Amino acid sequence: MKSTIRSATADTLARIGSAAGVLGVLTALSAVLYSAVGLTRLRAFQLGTYDLVIFDQAVRSYSRFEAPVSIAKGVHNDLGWTFAVLGDHWSPILALPAPFYWVHDGPETLLVLQGVLLASSIPPLWLFARRRLGTTAAHQIAVAYALSWPIAEAAAFDFHEVAFAPVLTAWMIERHDAGRAGQAVAAGALLLCVKEDMGLIVAGYGLFLLATRRLAAGVLLTGCGVGAVILTTRVLIPAFGGRADYYWAYGALGPDLPSAAAQALSDPPGALALLGTPPEKLLTVLLLGGMVLFLCLLSPLTLVVVPPLAARMMASSFPNWWGVEYHYNAFLVVVIFCAAVDGMGRLRSGLRTPLAAALLGVAVVLLPFFAYGRLSTPDGRARAAADAAAAVPDGVLVETANHLGPALTSRTRVLLWDREPRWAPWVVAETGRKTFPFTGLGEQLARVELLRRSGYQVVFDRDGYLVLRRGETSR
């Protein structure tokens, strides 16, 4: 009998060890993939001062035990040379990467950390899935999630605070599901430090608890989530020099929250119409549901995404919010997968593994249509861009075209080259293509001509990249 028990225990431990090994390999490979995507785009000059340099400057400031100042953000947006990014978005969690800058001071550090953080959301999702669907289906779900288009878009678009959101959200859901309420609360509290609107996810989790008849906890979380959004946007962000209404995107409803709420209540059909205006919003929602075959609709966990998704889709400005590009959907993707897993768990057991395999198939089919399909190898201009950046000496203040800022931020003080002359000692201009924030090539050429008339000397000019140095007679 004892030998039989020992044998069964050994077999169980072997299976657990094997499953953990597969999970570890998947997580490590995903981290390498996401990091490689970011680093490849960095070396191809496909990332930007907006937003990679902004985060780089802020984290570098943290690493020096200073306020998280970004001169690129502050000067471009007329917020001042000492503007701290906490006045833009409430993301104090950005202090956590600071020690890594003691090892390597540069945007590469952020891109690698983003890859690791995004991949770190895979284990809690796997645990959640294995509890409901078994090990094989959990592996399939984990791979489908790792290849999902919202994660790909986030990995390919510079660095953002969203890197912290999936892992914290996943642990919040998984730990609560495992009966570890204290650990779930800790993850939720950290999530509130990621961005000012993360309170909407916490509030959404409160709605889930209300729907599953856990009334006291549901009311508490819903209230805390909404309260956190109000506190961060109305008190904390203005305390750091920002404006409470800077990202107000609901002008179609009113100039502020009370008037917008009154308009929505007086005209519910008009307010609901905003959810599908323009139609691109509906496409985004369909793609979010389609990546999990809409199985998320079988679970009340889907309520978690309702407040943050509605906040984006009700917007009448900031069109980046409602599209499929960029990083915004990565805030929601792990919740949608958890909801799909929970929905599958409510079906007959014989359907679970085939459905998990189907989700993996969907992820693979969608791969070329999103960020990975847009990856390109450096062209001839990338060499010219590198040479232009090399022409700028260390330690100087430089206004630089958007895509060259990341190559200079480690060794210079970078400002964004924009429509307003800053008269920095050095300027790196781009005239080979339209670049943010200009409206056209003509505007960029005019800016270069203004610099020349003002005494700047061209020290590099190749393939649409110019490096100009301020002369002694310049302004």
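Read on for an overview of the structure. The structure displayed is predicted, hence computed values, not measured ones.

### Regarding the overall build of the chain
Then, number 1: Secondary structure assignment for the chain yields 20 helices and five strands.
Then, number 2: Against the 2.2 N^0.38 benchmark of 23 Å for 475 residues, the chain shows a C-alpha radius of gyration of 24 Å, consistent with a compact globule.
Then, number 3: Along the three orthogonal principal directions, the C-alpha set of the chain runs to about 90 × 60 × 40 Å.
Then, number 4: The buried share among the 475 residues of the chain stands at 52%.
Then, number 5: Across the chain, the fraction of contacts at a sequence separation of at least 24, relative to all contacts at a separation of at least 6, is 69%.
Then, number 6: Carbon together with sulfur atoms contributes 65% to the accessible area of the chain, which is approximately 20200 Å² in total.
Then, number 7: Positive and negative side-chain charges of the chain, numbering 39 and 33 respectively, have mean locations separated by a distance of 9 Å.

### Comments concerning helix α15 (residues 306–313)
Then, number 1: When we look at burial in α15, the residues that qualify are Pro307, Pro308, Leu309, Arg312 and Met313.
Then, number 2: On its buried side, α15 packs onto α10 (199–211) and α14 (280–290).

### Overview of the pairing of strand β1 (residues 397–400)
Then, number 1: Of the two faces of β1, the one carrying Leu397 and Glu399 and the one carrying Val398 and Thr400 are both buried.
Then, number 2: Here four bridges tie β1 to strand β2 (residues 413–416), and the two strands are oriented parallel to one another. Along β2, the bridge assignment pairs valine 398 with valine 414.
Then, number 3: Note: β1 against strand β3 (residues 426–430), three bridges, orientation parallel. Residue pairing for β3: threonine 400 is matched across the bridge by valine 428.

### Considerations on the packing of helix α8 (residues 165–177) against helix α16 (residues 333–345)
Then, number 1: Taken N-terminus to C-terminus, the directions of α8 and α16 make an angle of 30 degrees; their axes are 8 Å apart at the nearest point. One finds that α8 runs roughly parallel with respect to α16. Read as a crossing pair, α8 and α16 show a hand that is right-handed. Judged by residue contacts, Pro166, Thr169, Ala170 and Ile173 of α8 engage Val334, Val335 and Cys338 from α16.
Then, number 2: Looking at the contact of α8 with α16 residue by residue, the classes come out as six nonpolar, one polar and no charged.

### Details of the pairing of strand β4 (residues 456–462)
Then, number 1: Here β4 runs beside strand β5 (residues 465–470); their pairing, made up of six bridges, is antiparallel. The residue bridging glutamine 457 from the neighbouring strand is arginine 469, located in β5.
Then, number 2: The hairpin formed by β4 and β5 contains two residues between the paired strands, and aspartate 463 there has a positive phi angle of roughly 55 degrees.

### Examining α10
Then, number 1: For α10, with 13 residues, the first-to-last C-alpha span of 18 Å sits near the 18 Å given by 1.5 Å per residue.
Then, number 2: Buried residues along α10 sit in contact with α8, α9 (181–191), α11 (215–239) and α15.
Then, number 3: In the stretch just after α10, arginine 213 is the one whose phi turns positive, near 65 degrees.

### Side note on the pattern of salt bridges
Then, number 1: Tallying each qualifying case throughout the model produces 20 salt bridges.
Then, number 2: Arginine 132 serves as the salt-bridge partner of aspartate 177, at 2.7 Å between the closest nitrogen and oxygen. Residue aspartate 177 is found in helix α8, and its partner arginine 132 is found in helix α5 (residues 122–133); the two are separated by 45 residues along the sequence.
Then, number 3: Overall, aspartate 177 belongs to the partly exposed group, its relative accessible area being 27%.

### Details of the nonpolar core
As a rule of thumb, soluble globular proteins bury nonpolar side chains together.
Then, number 1: Membership of the largest hydrophobic core comes to 106 residues, with the highest contact counts inside it found for Tyr34, Ile141, Phe159, Leu191, Val194, Leu301 and Phe337.
Then, number 2: With ten residues, the single largest contributor to this core is α16.
Then, number 3: Filtering out sequence-adjacent residues up to four positions away, valine 194 remains in contact with Trp90, Ser91, Ile93, Glu161, Phe164, Ala165, Leu168 and Phe331.
Then, number 4: Grouped together as the second largest cluster of nonpolar side chains are 24 residues, Tyr50, Ala72, Ala388 and Ala389 included.

### Structural notes on the state of the cysteines
Then, number 1: If you walk through the whole model with that rule in mind, you get zero disulfides.
Then, number 2: The structure places no disulfide on cysteine 224, whose sulfur is separated from the nearest cysteine sulfur, that of cysteine 193, by 14 Å.
Then, number 3: With a relative accessible area of 43%, cysteine 224 lands in the partly exposed category.
Then, number 4: No disulfide involves cysteine 338; its sulfur sits 11 Å from the nearest other cysteine sulfur, which is in cysteine 296.

### Points about unusual backbone geometry
Then, number 1: Geometrically, the link from threonine 277 to proline 278 is a cis peptide bond, its omega value of 0 degrees lying close to zero.
Then, number 2: Tracing the backbone through its elements, the reader meets proline 278 in the loop between α13 (268–273) and α14.
Then, number 3: The linkage connecting phenylalanine 436 with the following residue, proline 437, adopts the cis geometry, with an omega of 5 degrees.
Then, number 4: Relative to the helices and strands, proline 437 resides in the loop between β3 and α20 (441–453).
Then, number 5: Residues other than glycine seldom take positive phi values, yet arginine 213 does so here, at roughly 65 degrees.
Then, number 6: Within the secondary structure, arginine 213 is located in the loop between α10 and α11.
Then, number 7: Take arginine 213: its relative accessible area is 76%, and that puts it in the exposed class.
Then, number 8: Phi is positive for aspartate 463, which is not a glycine, with a value near 55 degrees.
Then, number 9: Structurally, aspartate 463 is set in the loop between β4 and β5.
Then, number 10: On the basis of relative accessible area, aspartate 463 is assigned to the partly exposed category, the value being 43%.

Reading the values: rules and limits
Residues numbered from 1 in each chain as written. Predicted model: local features only at pLDDT ≥ 70, side-chain atom pairs only at ≥ 80, totals over all residues. Heavy atoms only, no water. Helix = DSSP H or I, 4+ residues; strand = E, 2+ residues; numbered from the N terminus. Rg over C-alpha atoms; globule rule 2.2 N^0.38 Å. Buried < 20%, exposed > 50% of the residue type's maximum accessible area, 1.4 Å probe, protein only. Contact = heavy atoms within 4.5 Å. Areas by Shrake-Rupley, 256 points an atom, 1.4 Å probe, with all protein chains shown as cover. Lys, Arg positive; Asp, Glu negative; His and termini not counted. Charge placed at Lys NZ, Arg CZ, Asp CG, Glu CD. Pairing = 2+ DSSP bridges. Axes fitted to C-alpha atoms, helices over the stretch in contact; angles between N-to-C directions. Parallel < 35°, antiparallel > 145°, perpendicular 65-115°, else oblique. Left-handed = near helix turned anticlockwise from the far one by under 90°. Nonpolar A, V, L, I, M, F, W, Y, C, P; charged D, E, K, R; others polar. Expected span 1.5 Å × (residues − 1). Salt bridge = Lys/Arg side-chain N within 4 Å of Asp/Glu carboxyl O. Core = buried A, V, L, I, M, F, W, Y, C linked by side-chain atoms within 4.5 Å. Disulfide = S-S within 2.5 Å.

Remember, this is a structural readout, not a statement about activity or role.
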